[in-house]
Amino acid sequence: MPSMTFRFTTECELTLEGHSYEEVYLKFKDLCQQQQPISETPMMKVYPPEDSSIYFEIDEQNTFCEMGMIKGDFTQDILKNLPENWLQRVRSQHRAH
């Protein structure tokens, strides 16, 4: 199942899964737009990032790409920031569904 991990400048990571990379991205976008806690426990609250620097990786490859400020478009935010070998991986997964 495709997954994407997002890293904020606070060194907080959030991994989401979905049926496609675009679906995962849209889940993350929705979380960021709500400006409500993503996770809340008695001792900790994790909010979407306020800083415009957001990093992401595809399928736990352990190499992050910078998204910059979230524009709200999968092509602009994700596809334009991927190295060519990852872009091929995402496109092949997209064709399979």
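Here the structure is a predicted model, which is why all the values come from computation and not from measurement.

1. So, the overall build of the protein chain
When helices and strands are tallied, the protein chain shows three helices and six strands. Mapped from its N terminus to its C terminus, the protein chain presents α and β elements in the order β-β-α-β-β-β-β-α-α. A total of 97 residues make up the protein chain; the buried ones form 38% of that total. Counted over contacts in the protein chain with a minimum sequence separation of 6, partners at least 24 positions apart contribute 41%. Surface accessibility of the protein chain: about 6,100 Å² in total, with carbon and sulfur atoms responsible for 46%.

2. Details of the pattern of salt bridges
Counted under the stated rule, the structure contains one salt bridge. A salt bridge links Glu 23 to Lys 27; the shortest N-O distance between them is 3.8 Å. Of the two residues, Glu 23 and Lys 27 both sit in helix H1 (residues 21-34), four residues apart, roughly one turn of that helix.

3. Some thoughts on the nonpolar core
Met 4, Phe 6, Phe 28, Phe 56, Ile 58, Ile 78 and Leu 82 are the most contacted members of the largest nonpolar core, which totals 21 residues. Of all the elements in the fold, those that place two or more residues in this core are strand S1 (3-8), strand S2 (13-17), H1, strand S5 (54-58) and helix H3 (84-96). Tallying contributions element by element places H1 first for this core, with five residues. Those residues within four positions of Ile 78 in sequence are excluded, and the remaining contacts are Met 4, Tyr 25, Phe 56, Met 67 and Asp 73.

4. Examining the environment of Thr 63
Counting through the fold element by element, Thr 63 comes out in the loop between S5 and strand S6 (65-66). The exposure class assigned to Thr 63 is partly exposed, which follows from its relative accessible area of 44%. Thr 63 has contacts with Phe 56, Glu 57 and Trp 86, leaving out every residue within four places of it along the chain.

Conventions used here
- Residues numbered from 1 in each chain as written.
- Predicted model: local features only at pLDDT ≥ 70, side-chain atom pairs only at ≥ 80, totals over all residues.
- Heavy atoms only, no water.
- Helix = DSSP H or I, 4+ residues; strand = E, 2+ residues; numbered from the N terminus.
- Buried < 20%, exposed > 50% of the residue type's maximum accessible area, 1.4 Å probe, protein only.
- Contact = heavy atoms within 4.5 Å.
- Areas by Shrake-Rupley, 256 points an atom, 1.4 Å probe, with all protein chains shown as cover.
- Salt bridge = Lys/Arg side-chain N within 4 Å of Asp/Glu carboxyl O.
- Core = buried A, V, L, I, M, F, W, Y, C linked by side-chain atoms within 4.5 Å.

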